[in-house]
Structure formats: structure tokens, C-alpha cells
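Here is how the chains run, residue by residue.
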Amino acid sequence: MAVNTAGGGKLGMGSRIILFNEVILVSVLLFICVLISVGSPKFFSSTNVLNVLRDSSMDVIAAIGMTMLLITGEVDLSIGSLVAFVGVITMDVINKTHSVALGVLAGLGLGLLTGFINGVVRTKLKVNSLIGTIAMMMVLRGGVYIYRVAAVQNYHSLDAFFQIGNGYVGFLPIPILIMAVLYVAFLFLVTRTVVGRRLYASGGNATAARISGINVDRLKIATFMTASLLAAVAGVILVSRMNSGQPNSGQGFEISVVAGVILGGTGLGGGEGTLIGTLIGVFILKVINNGIILLGWNQDLQIVIAGAVLIVAVYLDNKRKAARARIITT
Amino acid sequence: MKKRLAITLTVLTLVLFATTLGFAQGRVPKKVGWVGNYMMHEWYQTVQKGMKARAAQLGIQLEVADANLDMARQVSMAEDLIAKGVDVLIISPVQQEGAEAIVKKAQAEGIPLVIEASPVKGMTTIVAICDYDCGFKGGVETGKYVKAKLGGKARILAVDLPALRPCILRVDGFYDGIRTVIPDAVMVHRIDGQGLKDKALQVATDALTKDSNINVIYGCNDDSALGALQAYKSAGLDTKKVVVCGTGSEGVAFIKAMQEGGPYKVEAAMFPEAVGYECINMAVKLFNNEKVPEHWVTPTFALTSENWNKYYSLSGDVRTINWDAVNKIPREPKCAKY
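What you see is a predicted model, and the numbers here were worked out from it, not measured in a lab.

Of regular secondary structure, chain A possesses 14 helices and six strands. Its C-alpha radius of gyration of 21 Å places chain A within 12% of the 20 Å reference for a compact globule of 330 residues. Summarising its shape, the C-alpha atoms of chain A cover approximately 70 × 55 × 35 Å along the three principal directions. Burial status across chain A gives 48% buried among its 330 residues. Taking contacts inside chain A between residues at least 6 apart in sequence as the whole, the part at least 24 apart equals 77%.

Here you go:
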């Protein structure tokens, strides 16, 4: 079936396919997987698949929040520094209280507080979120070094703490389960509830959203808090995996998360994006990283190839938008 | 005869007194400035401890500035310290080429300059460890362990940081060192962990998926070694069949890992406190126009889980260096490789 365009012509097969971003992304992911598996038969082993999923879990969890923020037209570049600070605080509190629950709560609390400040800076002080969260990134990175220059070592040996990042339920690593639960919950929130529709409305046209009764500022503050809370969850998983709170961890985390989200089709302009696209986008980047090591290639290619894939993805996304615009104006 | 002896003794006494008086009044610089490379790193924090301790012993006022990995900032801070009247300047260069400007500025102002860590063209002297030799010692000690406890075959996972020449030298040294004991040792993986524990964990996880048949983990710093060890544990592999060697001894992490009695058995120690200590000693020598070697090598040694406590003591999160033991470590007259 052909699709009519504004010019009265019909879109070709290629144009029709690129209308469905997720189809392209899944195709790209499968293509990369097949290529890697040709060079490294171990790629499709259950061990490697679980490793990639476990490694992706922290990025996916943080990317859920980042997608919601980008849908509202905002961004948060402080999550890498937040992950480091959450790790240090969590480990330190567990050491001092011998309570995993208190440590995790302290880490998540720091996440909520950071998100609240980011939201207030954006909505009340009217500071662009790109600038505001870069400033927060600096505050958090400097702050964690003031709090503790050296890594906080694990002085407790509590099994519950180890299990968060390294444990299994059946054959599934716990970080994957945490990711799955959060992903399904937020997928429902974004696609099936009024909150999700408000996110898109606020990002697409904030003025119109306000006129229709949406408290855009409050919604954005809540979204910043959600994004930081999810990044803090990633931080808790990371500190458990590392078995120490490292003030120098999380460097470049925000970039890989934003790249995955954009690769997944979420634009920087707000009002569009899907969590399904985000999931596939993050997986594509993680599979590339994994494949480069399995193939024994130069690791610097991890950055180069990810950048190239991102450019191609954004190009295809622009083509898709143009095709969609032609249909809408028909 | 007695009169001549009395005069001689009197003259000698006066000379000795004058020398002592001179040392006390001006032979030690009053103010020394240090522009560090990246003071947020634990290594430099520990170097600073050694520097401060030695400066305090000699009654020297030490001013510390942080370039924070910014070469332009380092040049500017060095100029500020010279303008503030430091008697000797110490720098840990952010970039070897960029730091030449500081060398020229110090020479123009007549300020003695000590370089720490990375050599700079035109410098008078550098205080630094020998990275290759340090890795080599770790390799030899690890090889001995493998031969005695792990069947004599070595398959290595090395976590490198190829962006930094010193790290490449350490890994090269380790590989050469272990092969003096186990000639057929195999480098199975040599991966880039960026010197960070989380990155090392990430890439080592992937590497172990490719080939988990390894029994030696080497890290070009402690975080790299510990990150790879976490990946090994996380993969469910048997920690009794592996030995870990880290490098640097910058904090308490390696001590704690050794205390746990797990596979972390060897540390190619660089004693950062001693690096700081020697920087101040060198500053005093330059201040006194003494002849100094171009490269003043600071001690390195392969610590093991049995002997680490001869060189360090640990109380809570604070470690204390045993200067007597560290100062007895024989030093290389020059590095095997740069």
C-alpha cells in the first residue's frame, strides 16, 4: 500500500519504512548483531547476552528518565556525576549504619534532591536545562571529591548489598530484573496514562499545554526528580557491582545515555520520542561496545562507531520527520 | 704544636658553626610552590601528604595549586606562584610539551624547577618512578606466585590505559617480568579500562565473555585491577584459580583487598608519599645549587599479601607509611625504559 504525499505523489518503499523508527532501529540492531556473531560465535551465547543486558541495565534505567525529560523539551547532563555521588553516599551510609536499606535510601534521596534542584533551577530561575544541569554536574563532581577524595571501600560484607548488582533470580541477573520492572512501569506511565500525554503536550507546545490547564512547571520538576531518581537507582546498582563507592565513576555516563535516547528517535526539541526506541537505541550502543571487545578491535572504535551510528540515526530521523510532515500536510 | 692544633680546631669549629648557621638561616628555601596535575586524584593527594610532611620537617612553607588537567591553567598558576615569590617551583606537568613554557619562565626568573612524573624538554631534573621497572617487579613476583600456587601456567588479563605512556610501560614491564619466571606466559587480553574501576569492570566483563580462561589479572593502577577482579567474580569464576596484581599503591583499596585474603596477592607499589618527600628534598638541593641527576628515581617494590605491613600500617581508612622500610628499598640508577 502506497502512502499519499502533499505533492499528490506516493511515497516509495524506503520512505514508508523510515516512517517507523523502531523498525529501522531493530533492523540496525539485528544487522550489527549478525555482523558481530559472524566474527565472534560467542556473541549469541547466553553468558554474553546476559552480560550485555546486565551492562545495559544501568543505562536503560537512566535513559527512561532522560527520555521523559527530552519529551518535555529538557535535558539532564548531571546524571554521570550524580551516579558517582550516589555510589559514595550509599557505600558510606551502609558502612556507618550497617543497613543496606538506609544506604540505598540515602542514595535515592540524594537523587530526588538533585532532581528537585534541577527542576527548580529550570522552571523558577528560568535557567536553560542544558546550562543548569552542566552546572549541577560540576557541583556534584566537585562535591563528591570534597566529601571524599578516595574511594569508599566496602567495610560491611552484607550479602543484600552484593546481591543488588551481582545477584541472580533464577538465571536472570537482578539488575536486569530491576530494569525490566522499571521499564514496564514507565512504559505504561508514558503510553497509557494522562501523565504521559501531559509530558508530550508540555514538550510539544508548553503555552498550549498551560492554556489547557496543565501545570507545566510542576510537571517538569516532577520529571527532573524522576530522571534523577532513576539515575540514582543506576548509581546504587553500579556501586554494588563495583563493591566500592568511587568518586571518579560515571564519567561520560550522561553522554552515553543521551546518545542512546537520541539514537532511539527522541528529538532534542521536545514533544516526541518513545521508550521502545530508547531501549533499542541503548542496546545498539552497548552491543557495539561489546562487539568491539569480542572481535578484539581497537577500543577507541567504541567511540568512533557510536558517533557514526548516531549521525546516521539522526539523519534517518530527519528523513522520517520530513516524510511525516508531507503526509500531515496532505 | 698545641697552639696550632687549637687554632685549627677553632677554625674548624667556626666553619662548622657558620655552615650550620647558614643552613638554618637560608640554605633551606622558605617557600616552595607546587602546581599539581590533578589534585582530585587519590595519587596526587597522597603525593601531597608526603610533600607536606617533608616540608613541615624542614620548616618550609608549601603552597599547592591544582591545574585540574588544564595546561593553560597550569602555566598561569606557575606564573602566579613565581610572582608570589616562591624560592623553588615543583610541577607535575599536564602535558610534556605545554610545560616547556613553565621551564623557560622559571629559567628566565632564576627560579629552580623540579619536575615530577613526566619529563619536560629543557628541565634540570625530574623526580619520578620507573614505570617499566615497577611493572616488571610486579610481574616477577606474580610469576613466582603462579609457579608456586597456580600450576606454573600464566594466562593474563591486563587492564591498560593506552592513552598514557607510563601505563603502557607498566603493562609491558609486567609482561616482561612474568616471563622471566614463566617464559610461556600468554597475554590473553590487553584492554583499555581508562584507569577507572567502573570502566575496567565493564570491559573486563566483555573480555571474560570472549575468553574466561585466565589466571592472572594485572591492572596498570589499583582501580583497573580491582575493576577486573570484580568482573571476574561477577562472572562466577573461581577466585582460588586467579592471582591479581595492581599498580600504584595510591590508597587503601589494595591493602583492604590483600587483607581479605582473596586473589589480590601482589602490588607493584610506587609509594606516592615517597615521591612527594623526594620532591621537597630535590627542591632543597636545587635551591643550594647542588649537582643533581637528571632523573631522580623514587622507590618501587612488589608488595605481597605477606609483606605489605612492613611498609604500611592501616588504621581505619588511614594508612601510614613506614619511612625506614621504604627508604631501604634499593633504587634503580636509571629506568630500563622511558
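To continue, consider the interface of chain B and chain A. The extent of an interface is frequently quoted as the accessible surface area lost upon association of the parts. Opposite the 23 residues of chain B that make contact, chain A presents 26 residues. Of all the secondary structure elements, the ones that give two or more residues to the side of chain B that touches chain A are α2 (42–58), β7 (186–192), α7 (197–210), α8 (222–234) and α9 (253–259) of chain B. Sort the elements by how many residues they give to the side of chain B that touches chain A and α7(B) lands first, with ten residues. Residues belonging to the side of chain B that touches chain A are distributed by class as follows: eight nonpolar, eight polar and seven charged.

All names here are of chain B. In a regular helix each residue adds 1.5 Å, so 13 residues correspond to 18 Å; α8 covers 18 Å between its end C-alpha atoms and thus fits that length. Of all the 13 residues making up α8, twelve are buried; the element is thus mostly covered by neighbouring parts of the structure. With its phi angle positive at about 75°, G236 sits one or two positions after the end of α8.

The next point concerns the domain arrangement of chain B. All names here are of chain B. Segmenting chain B into domains produces domain 1 (16–129 + 272–298) and domain 2 (131–269). A separation of 33 Å is found between the C-alpha centroids of domain 1 and domain 2. Contact with domain 1, which involves five residues of that partner, is made by five residues of domain 2. Looking at the side of domain 1 that touches domain 2 element by element, the count peaks at three residues for α2. Its residues placed into classes, the side of domain 1 that touches domain 2 shows three nonpolar, one polar and one charged.

All right, on to the environment of B:P29 then. Residues and elements named next belong to chain B. Considering the arrangement of structural elements, one finds P29 in the loop between α1 (2–27) and β1 (31–36). Among the residues examined, P29 registers 23 C-beta atoms within 10 Å and is labelled buried. A sequence separation of 258 residues divides P29 from F287, and the C-alpha atoms of the two residues are 6.5 Å apart. The contacts of P29, once residues within four sequence positions are left out, are I60, D87, V88, A283, V284 and F287.

Moving on, we get to the pairing of strand β6 (residues 155–160) of chain B. The element β6(B) is largely enclosed, with a buried count of five among its six residues. On the question of chirality, the crossover connecting β6(B) to the parallel β7(B) by way of helix α6 (residues 165–181) of chain B is right-handed.

A few words on the pairing of strand β3 (residues 88–91) of chain B. Residue and element names in this part refer to chain B. A two-sided burial pattern is seen for β3, the buried positions comprising V88 and I90 on one face and L89 and I91 on the other. Examined bridge by bridge, β1 and β3 share four bridges and lie parallel to one another. Its bridge partner lying in β3, V32 is registered against V88. Of the crossover connections in this fold, the one passing from β3 over helix α4 (residues 100–109) to the parallel strand β4 (residues 113–116) is right-handed.

Residues and elements named next belong to chain B. One open sheet accounts for six strands, arranged β2-β1-β3-β4-β5-β11; its pairing is parallel. At either end of the open sheet lies a strand with only one pairing partner, and these are β2 (61–66) and β11 (295–297). Strand-to-strand twist of the sheet, defined as the mean angle between neighbouring strand axes without regard to direction, takes the value 20°. Where β3 meets β4, three bridges bridge the pair, whose relative direction is parallel. The partner of L89 across the bridge, within β4, is L113.

Ranked by internal contacts, the top residues of the largest apolar core, which has 191 residues, are B:A204 and B:A283. Top element by residues in this core is helix α11 (residues 216–242) of chain A. It accounts for 15 residues. Counting contributing residues per domain, this core is built from domain 1 (16–129 + 272–298) and domain 2 (131–269) of chain B, each supplying no fewer than three. Every residue in contact with B:A283, bar those within four places of it in the chain, is listed here: B:P29, B:V32, B:V88, B:I90 and B:V114.

Basis of the calculations
- Residues numbered from 1 in each chain as written.
- Chains lettered and ligands numbered in written order.
- Predicted model: local features only at pLDDT ≥ 70, side-chain atom pairs only at ≥ 80, totals over all residues.
- Helix = DSSP H or I, 4+ residues; strand = E, 2+ residues; numbered from the N terminus.
- Rg over C-alpha atoms; globule rule 2.2 N^0.38 Å.
- Buried ≥ 20, exposed ≤ 12 C-beta atoms within 10 Å, placed from the backbone.
- Contact = placed C-beta atoms within 7 Å.
- Nonpolar A, V, L, I, M, F, W, Y, C, P; charged D, E, K, R; others polar.
- Expected span 1.5 Å × (residues − 1).
- Domains from an automatic or database assignment.
- Right-handed = clockwise from strand over helix to strand, strands pointing away.
- Pairing = 2+ DSSP bridges.
- Axes fitted to C-alpha atoms, helices over the stretch in contact; angles between N-to-C directions.
- Core = buried A, V, L, I, M, F, W, Y, C linked by C-beta atoms within 7 Å.

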